[in-house]
Amino acid sequence: MTLTRRGLLAGIGGAALLVGCATIKLAPAGAYRVGNAFSITLTRPWSDLTAAAMQPPGVRVLTVDGRGLNQIFAAAIAPGGSLVRPADKDTPKPTYRTDMSETEMVEFVIDSLAAMEYLEPASAGLRPQTLAGASGVRFDIATRTEPGLNMAGTALVARAGDNMHLLMFLAPSEHYFGAFGQEVEAIFASATAA
């Protein structure tokens, strides 16, 4: 058997693809733990993209149809932690501080979306709501992608001890956001302390 450079490169590429796919796990319907912080109840199976998306510590990402179509962020962010992993070490990233007010925590989420390269993210409709028993603030999100797809979202942040707990759903405003509305509300309402 003769091994050619093209065959070797194809083999390496195929192996890399398999390794990349292996990092996506199934999050079955039922209780889903966000570290030791809190848990939510999923009403159907979701794909857990946390490892594949190389999220910062404490941040989980779930999707049903693919990250661009629907995604839930469930996070317990420690002081100095972030919701996003920067593209490189020189790129600044929003970091959580324990002295943030609720409004500043909302701004932290919006700044994190901008760091994820969403365009002109904005919050609206701030209202009180608890997250796993901790007082927090719920808000709506509007943004768009670089190609121009309008995105809608809803998020809930709360301080639990020194950490910030977050639930956020983001999806295209046409179809996907509305189609997941009741399910996302049930997931948010199911959050319980660990």
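Residues numbered from 1 in each chain as written. Predicted model: local features only at pLDDT ≥ 70, side-chain atom pairs only at ≥ 80, totals over all residues. Heavy atoms only, no water.

A look at the pairing of strand β8 (residues 134–144)
Here is step 1: Pairing of strand β7 (residues 119–131) with β8 involves nine bridges; the strand directions are antiparallel. Residue pairing in the sheet places S123 in a bridge with I141 of β8.
Here is step 2: Two successive antiparallel strands, β7 and β8, enclose a turn made up of two residues, where A132 displays a positive phi of approximately 55°.
Here is step 3: Where β8 meets strand β9 (residues 150–160), nine bridges bridge the pair, whose relative direction is antiparallel. The residue of β9 that forms the bridge with R144 is N150. (Pairing = 2+ DSSP bridges. Helix = DSSP H or I, 4+ residues; strand = E, 2+ residues; numbered from the N terminus.)

Some details on the sheet that holds strand β2 (residues 30–34)
Here is step 1: The three strands lie next to each other as β2-β3-β11, forming an open sheet whose pairing is antiparallel. Where the open sheet ends on each side, the last strands, each with one partner, are β2 and β11 (192–193).
Here is step 2: In the sheet, strand β3 (residues 38–42) pairs with β11 via two bridges, with the strands oriented antiparallel. Bridged to F38 within β11 is A193.

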